[in-house]
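Each chain, written out:
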Amino acid sequence: MKKLMTATLVALTTSLMASSAFAEPVRVGVAAEPYPPFTSPDASGKWVGWEVEFMDAVCAEAKLECVLTPVAWDGIIPALTENKIDAIMSSMSITDERMKTIDFSNKYYNTPAAVAVAKGSGMAATPEGLKGKIIGVQVSTIHADYAAKYFGPTAAEVKIYQTQDEANQDLAAGRVDAVLADSLVMADFIKTEAGAACCEVAGNVADDPAILGKGVGVGLRKGDAMKEAFNTAIAAVRASGKYDEISKKYFAFDVYGK
Amino acid sequence: MSAVTEPRSSAKWGLETHRIVLLVIAVALVAWMAISMRWDWLPKYGPNLISGIWVSIWMLVVTAVLGFILAVPIGLVQVTGPLWLKVPAQIFCTIIRGTPLLLQLWLLYYGLGSLFAAWPEIRQSWAWPYLRTAWPYGVLALTISFAAYEGEVMRGAFAGVPKGELEAARAYGMSPFTAFWRIWLPRAIHRALPTLNGETVSQLKSTPLVATITVVDVFAVTSRVRQDTFLTYEPLLFVALIYMCLTGILVLGFRKLENMVPVKGA
Amino acid sequence: MWGNDSFMIEWITNLADWHLLALTPPGWGMTLLVGFLGSIQIAVGGFALGLLLGIGGATGKLYGGPITKDLLEVYTTLVRAVPELVLILLLYYAGSGAVNRILTSLGYQNINISGLAAGIFVIGVVQGAYQTEVLRGAFKAIPFGQIEAARAFGMTSFQVLRRIILPGMLPHAIPGLSNLWLIATKDTALLAVVGFTELTLATRQAAGTTKAYMLFFLAAGALYLLLTLVSNVAIYHIEKRARKGLPAPV
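Residues numbered from 1 in each chain as written. Chains lettered and ligands numbered in written order. Predicted model: local features only at pLDDT ≥ 70, side-chain atom pairs only at ≥ 80, totals over all residues. Heavy atoms only, no water.

Enquirer: Before we move on, could you go through the state of the cysteines and cite the residues and values that matter?
Expert: All names here are of chain A. Under the definition given, this model contains two disulfides over all chains. Two residues, Cys59 and Cys66, share a disulfide whose sulfurs are 1.8 Å apart. Classification of the bridge connecting Cys59 and Cys66 rests on its S-S torsion, roughly -85°, and on that basis the disulfide is left-handed. The partner cysteine of Cys198 in its disulfide is Cys199, sulfur to sulfur 2.0 Å. Around the S-S axis, the bridge from Cys198 to Cys199 shows a dihedral of about -90° and counts as left-handed. Judged on exposure class, the residue Cys198 and its partner Cys199 are both buried. (Disulfide = S-S within 2.5 Å. Buried < 20%, exposed > 50% of the residue type's maximum accessible area, 1.4 Å probe, protein only.)

Enquirer: Run through the pattern of salt bridges, naming residues and quoting values.
Expert: Applying the stated criterion across every chain, the model contains 19 salt bridges over all chains. Linking A:Glu245 and A:Lys242 is a salt bridge whose minimum nitrogen-to-oxygen distance equals 3.7 Å. Taken as a pair, A:Glu245 and A:Lys242 lie in helix H11 (residues 242-250) at a separation of three residues, close to a single helical turn. A relative accessible area of 34% means that A:Lys242 is categorised as partly exposed. The shortest N-O distance in the salt bridge between B:Arg38 and B:Asp40 comes to 3.4 Å. By relative accessible area, which is 40% here, B:Arg38 ends up partly exposed. Several salt bridges converge on common partners, so that one network encompasses C:Lys61, C:Glu73, C:Glu133 and C:Arg136. (Salt bridge = Lys/Arg side-chain N within 4 Å of Asp/Glu carboxyl O. Helix = DSSP H or I, 4+ residues; strand = E, 2+ residues; numbered from the N terminus.)

Enquirer: Go over the packing of helix H8 (residues 199-210) of chain C against helix H9 (residues 213-242) of chain C, please, and point to the residues and values.
Expert: Residue and element names in this part refer to chain C. H9 packs onto H8 with a crossing angle of 160° between their chain directions and a minimal axis gap of 8 Å. Comparing the axis directions of H8 and H9 gives the class roughly antiparallel. Remark: the crossing between H8 and H9 carries right-handed chirality. From H8, Leu199, Thr200, Thr203, Ala206, Ala207, Gly208 and Thr210 reach across to H9, where they touch Tyr213, Phe216, Phe217, Ala220, Leu223 and Tyr224. Looking at the contact of H8 with H9 residue by residue, the classes come out as nine nonpolar, four polar and no charged. (Axes fitted to C-alpha atoms, helices over the stretch in contact; angles between N-to-C directions. Parallel < 35°, antiparallel > 145°, perpendicular 65-115°, else oblique. Left-handed = near helix turned anticlockwise from the far one by under 90°. Contact = heavy atoms within 4.5 Å. Nonpolar A, V, L, I, M, F, W, Y, C, P; charged D, E, K, R; others polar.)

Enquirer: Outline H8(C), listing residues and values.
Expert: Residue pairs three or four apart in sequence face the same way in an α-helix, which turns once every 3.6 residues. Along its twelve residues, H8(C) runs 16 Å from first to last C-alpha, staying within 8% of the 16 Å computed at 1.5 Å per residue. Here H8(C) lies mainly inside the structure; ten of its twelve residues are buried. Every buried residue of H8(C) is listed here: C:Leu199, C:Thr200, C:Leu201, C:Ala202, C:Thr203, C:Arg204, C:Gln205, C:Ala206, C:Ala207 and C:Gly208. On its buried face, H8(C) is in contact with strand E2 (40-41), strand E3 (47-48) and helix H6 (164-173) of chain A, helix H5 (101-118) of chain B together with helix H2 (29-63) and H9 of chain C. The N-cap residue of H8(C) is C:Glu198: its side-chain oxygen and the backbone nitrogen of C:Thr200 are 3.1 Å apart. Two residues or fewer past H8(C), C:Lys211 is found with a positive phi of approximately 65°. (Expected span 1.5 Å × (residues − 1). Polar contact = N/O pair within 3.5 Å; in protein donor to acceptor, adjacent residues only side chain to side chain.)

Enquirer: Now, about the interface of chain C and chain B: what can you tell me, with residues and values included?
Expert: Opposite the 41 residues of chain C that make contact, chain B presents 37 residues. Carbon and sulfur atoms make up 76% of the area that chain C and chain B hide from each other, which totals about 3500 Å². Its largest share of buried area at the contact with chain B, chain C owes to C:Lys186, C:Met214 and C:Phe217, together 16% of the area lost on that side. The closest approach of N and O atoms between B:Arg19 and C:Asp70, which form a salt bridge, is 2.6 Å. For the side of chain C that touches chain B, the secondary structure elements donating two or more residues are H2, helix H3 (66-81), helix H4 (84-106), helix H7 (157-187), H8 and H9 of chain C. It is H9(C) that provides the largest number of residues to the side of chain C that touches chain B, a total of ten residues. Of the residues belonging to the side of chain C that touches chain B, the class tally is 28 nonpolar, four polar and nine charged. (Buried area = accessible area lost by both parts, 1.4 Å probe.)

Enquirer: Any details on empty space enclosed by the protein? Residues and values, ideally.
Expert: Counted under the stated rule, the structure contains three cavities of 30 Å³ or more. Roughly 130 Å³ of volume is contained in the largest cavity. Lining the largest cavity are 13 residues; nearest its centre among them are A:Asp74, A:Ile77, A:Pro78, B:Gln227 and B:Phe230. At the level of secondary structure, the elements contributing two or more residues to the lining of the largest cavity comprise helix H3 (76-81) of chain A together with helix H10 (218-229) of chain B. Among the elements that line the lining of the largest cavity, the one with the most residues is H3(A), at three residues. (1 Å grid on protein atoms, 1.4 Å probe; cavity = no way out; pocket = protein on both sides within 12 Å on 5 of 7 lines; lining within 4 Å. Points joined across faces, edges and corners; volume = space filled by probe spheres on them.)

Enquirer: For the side chain of B:Thr212, give the residues involved together with the corresponding values.
Expert: Its location among the elements puts B:Thr212 in the loop between helix H9 (176-206) and H10. Relative accessible area serves as the criterion here: at 4%, B:Thr212 is assigned to the buried category. Side chain to side chain, B:Thr212 and B:Trp106 meet in a polar contact 3.1 Å long. If sequence neighbours within four positions are ignored, B:Thr212 has contacts with A:Gln162, A:Glu166, B:Leu102, B:Leu105, B:Trp106 and B:Tyr110.

Enquirer: Can you lay out the layout of surface pockets for me, pointing to particular residues and giving the numbers?
Expert: By volume, the second largest pocket is sized at about 1500 Å³. Along its surface, the second largest pocket is lined by 35 residues, and B:Leu29, B:Met33, B:Leu237, C:Val74 and C:Leu78 are the ones closest to its centre. Those elements that place two or more of their residues in the lining of the second largest pocket are helix H2 (17-36) and helix H11 (233-260) of chain B together with H3, H4 and helix H5 (115-140) of chain C. Sorting elements by how many residues they give to the lining of the second largest pocket places H2(B) first, with nine residues. Tallied by class, the residues present in the lining of the second largest pocket amount to 29 nonpolar, two polar and four charged.

Enquirer: Please provide a residue-by-residue account of a nonpolar patch on the surface, values included.
Expert: On the surface, a nonpolar cluster with roughly 490 Å² of combined accessible area is contributed by B:Trp54, B:Ile57, B:Val61, B:Val65 and B:Ile69. Residue placement: B:Ile57 occurs in helix H3 (residues 41-79). (Patch = residues over 30% accessible without salt bridge, like charges linked within 9 Å, V, L, I, M, F, W, Y side chains within 5 Å. Areas by Shrake-Rupley, 256 points an atom, 1.4 Å probe, with all protein chains shown as cover.)

Enquirer: Can you explain the packing of aromatic side chains? Please cite residues and give values.
Expert: Across all of its chains, the model carries 29 aromatic pairs over all chains by this definition. The interplanar angle of 85° and the centroid separation of 5.6 Å between the aromatic rings of A:Trp50 and A:Tyr243 together place this pair among those described as edge-to-face. Taken as a pair, A:Trp50 in helix H2 (residues 50-62) and A:Tyr243 in helix H11 lie far apart in primary sequence, 193 residues in all. Measuring from centroid to centroid gives 6.0 Å for A:Tyr243 and A:Tyr256, while their planes differ by 85°, and the two rings are edge-to-face. Taken as a pair, A:Tyr243 in helix H11 and A:Tyr256 in the segment after H11 lie far apart in primary sequence, 13 residues in all. A residue is classified by how much of its surface remains accessible, and A:Tyr256, at 22% relative accessible area, is partly exposed. Over the face of the ring belonging to C:Tyr92 we find A:Lys84, whose NZ or CZ atom lies 4.3 Å from the ring centre. (Phe/Tyr/Trp six-rings, centres within 6.5 Å; stacked < 30°, edge-to-face > 60°. Lys NZ or Arg CZ within 6 Å of the ring centre and 35° of its normal.)

Encoded structure:
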């Protein structure tokens, strides 16, 4: 009996340890929720999207073994600082606020933010145009901060959703009058069957680099040595034309921005 | 092996030494947390936190009361009722207790929401302002959940009331309804009070889930604090403290309620 | 009832896009089942860990010294007073963070605690507090004469625990333990908020990508219900076997 118990205990600990490997590959965190066209799971459980392909290209250039690790979006920065993941490549914008906690690589794309509204409602993407309306945003995004600052005072309510597709869903259901998110994400939503039937893009919002950030970069822990590797790899992917090759599959224009 | 240990040096301060040491350690721990962790966000989010606590409390009270009112017939009908009422009640309880509350909440909010997208005509109806907002779905899901769990408890309570009392009531000439209202229901409630206490505390601990459907309760406010300040532990510890206080108040309240009813013997 | 069978079949097929539930892509059925398996794994692991903690906690509360009793009382009261959602978040971040900090301070490398291990740890700690109370009540229900006889025979405390107490308290503990098992299976849904791949998160991903919310949430509900019903049948049989020789429960 004693031998059996010791054997079971040893087997249990080794199996748990085996499932917790020592940190050799780079665990790249992405939001566990779908965020098309950048990252979204397909029916077989594989992650697809522009950002996934870009991640593969960058990791190949930097000769790193990247493991895509889904983490809840609203816990992705704590996951990085608590060493559950090693990098964030989940359309995270470079803002001063975030720079206080984590480090960023150079940007790898930069797109404006846009507002989507119900079809034919005629609302403009400005604080006056959205006066008295209900606006939906995703938690912990630059869009949530932007909406709180610019639309908060005049809008009826700013509702905060856990995931972007839930916000889109409520726009289609009519529970919110407008949704503020990345322009490419909104464009992708409008292209889908549900989106085309209900909604349209009202336009881009006025830029505010302090809140909307200076583009999207790879999130890393402060002082991480991989920053240089990522910067070189991003530059190499841009220079070699792989960047445009991937972008052409998803977008009609260059998303690198200014 | 006796579990009785003589307390040492207890006479002087009325507390055993080990208790004092543990209390000192606890106070030191709290003091260390108060000093070394960042609490500067508390005044800034104070009003939000208070309104969040208010939302949590009224959600708890409304859903517990409505759920209990619903639970009484659900429990009763499983003890007495005709088969065509008993079986649906049992099925209801099994389904609700067999699936997670989070799933039920999302099913009601987002599942029904996807139906709204298919029928735009519903936006002209009178119910639209209520179907639009999030809190009715939270109240509905929590009420249904409470009713299902309480229904089971009340079923046991109704079945456990001594038959003699009910027969005596009938012998007095009371109508079935009077017998129910004056004898069966109060006795069942009193039998169920300790379990009701536990279930209400469980209900309080289920209320944070409504934050996932955009109802702004205290958990949603602390989530917002976590996003704005990038602090992980401080907001979570604070909200844990708030819930501990609310639980304490609930438990004390129920204990007072139990003591209000005089019981002879057991 | 409604004329002919083909009408019923047509009505059912038009109700929803059932292809989305297919087991092979583009159906999401396999993703849901993989998530379901993940849920069961965490529930089993968490329940087992909780059982270990519960046995330790119950023994400590009944036979331990005053400090052990107080510390265990603090543990059970804290866990039972704080919502599971908050506890899960705290344990998920604090647990692995603490482990890694201890390891780095001791000079070892950080280890990557897999999501499965973290989920089991979280559910296990929460279960442990409830299990302590259930097992404490069950321990007390054992006729003390049996324990006295065992001690008179000269068995060590550990032998008494293994041979008399654990088998003896099982029939009294089963109602409480079965309730806790069902709670464990449903608490795994809360791990969706942390991003661990179990059934509720898989459902949310599938529903978010396909916008067929009603269909997927109902399918997930059916899977959880299936788990509950199967568990109920299993518990009924276990209880019957464990209660052999004992009077029927009131």
